[in-house]
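Listed below, chain by chain, are the residues.
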Amino acid sequence: MEKITTHRTSLHTADVIQPIVIEEKNNTRRVFLANLNDTKRHLGETVSGTIVHQRKKNNDEWEDIESINLATLKGGEGVKIRFKSKQLRQFFLGLEKLYKLSKNGLAPGDTDYAIGKIDEIIKVPPNRKKFISQLLEKKFGEEIWHELVESDPDLATRLSLARIQAERQNALKEFADNLIQDKAEDYWQEFFDKNHRIFGYGLKYHFLTQLENQPSYGGINFSGFGNQKGDFLLNTEADIKFTVLVEIKKPTSSLLATTRAGKKVRYRNGAWLLSRDLLGGVSQLQTNCKIWQTSSRAVQNADILNSENIHTVSPKGILVIGKVSEFGDNREQIETFESFRRGISNPEIITFDELHERARFIVEHKQNKIENHQSYLEPEDVPF
C-alpha cells in the first residue's frame, strides 16, 4: 500500500514529502518534488514542483545533484532529458494521485494518505464496527459512501444530512468561541475560506459561491499579483452570475471611535464618531469595487469570467466587521451606526455577531428537519 504525506507550509500551500520517482537506477534517480496549492482549486491548478536528479550516498540516502545554471550556457549548447514511455507513465500516475488528493483542499499540519487497491486494503473482521472504524481511520470514507449510495440510497441520504449537520455545528461552535477572542484578520480569512458557505445564502438571499481567495483587483489577473488585494471574490449563482467583493476585518474592531482609555467619542447630541476601522474598511472596499469594475474587463480576467458567464456590473461589496453588541443598550450609538450603514448603498455592512446569528439559525433550522425525519435534501441543504 502506498502512503502520501503532506506537510502544510502556509495557509494555502503544502509540500509532498514523498517524491514521485520517474526513473531509478542503482545509484542515481530522477524524481519530481511536488508542492500543493489550493488557491486555484476551482481551476484544477493545484500541483507544481521540480524535476531533480539525485545520487545515492553511502548511507543509502538520496541527495540532489548540484544543478546547472542554464544562463551560463553558450550559443549552441543545451540540456536535454529524455524519458521513456514507462517512465512518463510513472510520472503521469503519480501526478494523477496528487490531483485527486488535492481536489478537496489541504488538510492542516502533517497528513498521511493511504493509497492502494481495494483487495490490498479491505480485510473484513468479524466485528463490523471495528471494520468500519478501521476504514474511516484510513480515510476510505469516500469509497464507503459510494458503495452505500448504490446499495441503500435512503440510508445514505439520512447519514449525509447528519454528517453535514455535524460539520455545521462544529463550525458554528468555532465561530462562537472565537468571537470574543482578538484573532487576527488572517485567522478569520482562513475560517471563512474553510466555511465559505457561511456567505452562501447571501445577505439578500442571493446564493454566493467563492470565485477566488485573496483576489488581486489590479494585477495581471484576479488570481495573480497586483497593487490592490482583497479577501474574497465571490459570484452569485444563476444562469447569469455577478461578482461580489468581500472584506474581512475582526470581531474586536470597534464600530465607533474610542479614546486611548477606550471611551466612545460623542460628536454632538445624538451623534457619535464612527471608527477609523469602519470608515477605512468602507473606503477600501469602495475603492476595490471601482478598480475591479475596470480590471474585470481586461482580457486576462474577461476570458476567465466569460467562460463561466460571470459579469461585473457596479460590483456589490460586503464588509464584515465588529459586533453590534459593543453598543449595549445605548440607543444613540445604535442609531448612529444603523443610520450610517443604511445610508450607504455600497458596501453592505454586516457584523460578526449578526453573521453568527444567521449561521446559527440555519444550523438550528436544519437540525429541526433532521429530528422530524425529513430526510430529503432541499436545494439549500448544503454546508452553510
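See the structure printed just above.
Quick summary incoming for the structure in this document. (Residues numbered from 1 in each chain as written. Predicted model: local features only at pLDDT ≥ 70, side-chain atom pairs only at ≥ 80, totals over all residues. Heavy atoms only, no water.)

1. Comments concerning the overall build of the chain
For the chain, the helix and strand inventory stands at 10 helices and 14 strands. A buried classification covers 37% of the 384 residues belonging to the chain. The contacts in the chain between residues at least 6 apart in sequence include a share of 60% that link residues at least 24 apart. Within the structure as shown, the chain displays about 23,300 Å² of accessible surface, and the carbon and sulfur contribution to it stands at 50%. (Helix = DSSP H or I, 4+ residues; strand = E, 2+ residues; numbered from the N terminus. Buried < 20%, exposed > 50% of the residue type's maximum accessible area, 1.4 Å probe, protein only. Contact = heavy atoms within 4.5 Å. Areas by Shrake-Rupley, 256 points an atom, 1.4 Å probe, with all protein chains shown as cover.)

2. Section: the side chain of T6
With respect to the helices and strands, T6 occurs in strand 1 (residues 2–8). Residue classification places T6 among the buried residues on the basis of a relative accessible area of 3%.

3. Digging into a nonpolar patch on the surface
A contiguous nonpolar patch, built from I68, L70, L73, V79 and I81 and spanning about 460 Å² of accessible area, is present on the exposed surface. Secondary-structure assignment places V79 in the loop between strand 6 (62–64) and helix 1 (85–102). (Patch = residues over 30% accessible without salt bridge, like charges linked within 9 Å, V, L, I, M, F, W, Y side chains within 5 Å. Salt bridge = Lys/Arg side-chain N within 4 Å of Asp/Glu carboxyl O.)

4. Some details on the environment of L172
Along the polypeptide, L172 turns up in helix 5 (residues 153–178). Each C-alpha atom of the pair L172 and N195 lies 9.7 Å from the other, and the pair is 23 residues apart in sequence.

5. Side note on helix 9 (residues 331–343)
The end-to-end C-alpha distance of helix 9, which contains 13 residues, comes to 18 Å, matching closely the 18 Å that a straight helix rising 1.5 Å per residue would cover. Q333, T336, F337, F340 and R341 are the residues of helix 9 that are buried. Viewed along the axis of helix 9, the buried residues span an arc of 115°, placing them on a single side of the element. Of the exposed residues in helix 9, those oriented more than 90 degrees away from the buried face are R331, S339, R342 and G343. Between a side-chain oxygen at the N-terminus of helix 9 and the backbone nitrogen of E332 the separation is 3.2 Å; the capping residue is N330. (Expected span 1.5 Å × (residues − 1). Arc of directions from axis to C-beta. Polar contact = N/O pair within 3.5 Å; in protein donor to acceptor, adjacent residues only side chain to side chain.)

6. Description of unusual backbone geometry
With an omega of 5°, the peptide bond running from N346 to P347 counts as cis. With respect to the helices and strands, the residue P347 is situated in the loop between helix 9 and strand 14 (348–350). Even without being a glycine, D60 presents a positive backbone phi close to 70°. Note that D60 resides in the loop between strand 5 (47–56) and strand 6. Of note, the phi angle at N309 is positive, near 60°, even though the residue is not glycine. Counting through the fold element by element, N309 comes out in the loop between helix 8 (299–307) and strand 13 (310–320). Looking at N309, the relative accessible area reads 30%, which means it is partly exposed.

7. Details of a positive patch on the surface
Residues K25, K80, R82 and K84 make up a contiguous surface patch of positive charge. Structurally, K25 is set in the loop between strand 3 (20–24) and strand 4 (28–37). Looking at K25, the relative accessible area reads 55%, which means it is exposed. (Lys, Arg positive; Asp, Glu negative; His and termini not counted. Charge placed at Lys NZ, Arg CZ, Asp CG, Glu CD.)

8. Examining the layout of surface pockets
Gaps between atoms show up when a probe of the same size as a water molecule is rolled over them. A volume near 440 Å³ is recorded for the second largest pocket. In terms of lining, the second largest pocket is formed by 15 residues, of which the most central are H53, S67, I68, V79 and I81. When residues of the lining of the second largest pocket are assigned to their parent elements, the largest contribution, four residues, is made by strand 5. For the lining of the second largest pocket, the residue count by class is eight nonpolar, three polar and four charged. (1 Å grid on protein atoms, 1.4 Å probe; cavity = no way out; pocket = protein on both sides within 12 Å on 5 of 7 lines; lining within 4 Å. Points joined across faces, edges and corners; volume = space filled by probe spheres on them. Nonpolar A, V, L, I, M, F, W, Y, C, P; charged D, E, K, R; others polar.)

9. With respect to the nonpolar core
Membership of the largest hydrophobic core comes to 19 residues, with the highest contact counts inside it found for L278, L319 and I349. Of all elements in the fold, only helix 7 (276–295), strand 13 and helix 9 reach the threshold of two or more residues within this core. Among the elements that take part in this core, helix 7 stands out by supplying five residues, more than any other. (Core = buried A, V, L, I, M, F, W, Y, C linked by side-chain atoms within 4.5 Å.)

10. Focus: the packing of aromatic side chains
Within this structure, the stated rule accounts for eight aromatic pairs. Consider the rings of W188 and F191, whose centres lie 5.7 Å apart with planes at 80°: the pair is edge-to-face. Note that W188 and F191 are positioned in helix 6 (residues 185–194) at a spacing of three residues, about one turn of the helix. Of the two residues, W188 and F191, neither departs from the other in class, the shared state being buried. Chaining the aromatic ring pairs together yields one cluster made of F175, Y187, W188, F191 and F352. (Phe/Tyr/Trp six-rings, centres within 6.5 Å; stacked < 30°, edge-to-face > 60°.)

11. Structural notes on the pattern of salt bridges
In this structure the tally under the stated criterion is 14 salt bridges. Close ionic contact of K40 with E45 constitutes a salt bridge, the shortest N to O distance being 3.9 Å. Taking relative accessible area as the criterion, E45 reaches 44% and is therefore assigned partly exposed. Across the pair K250 and D182 runs a salt bridge, and its minimum N-O distance is 3.3 Å.

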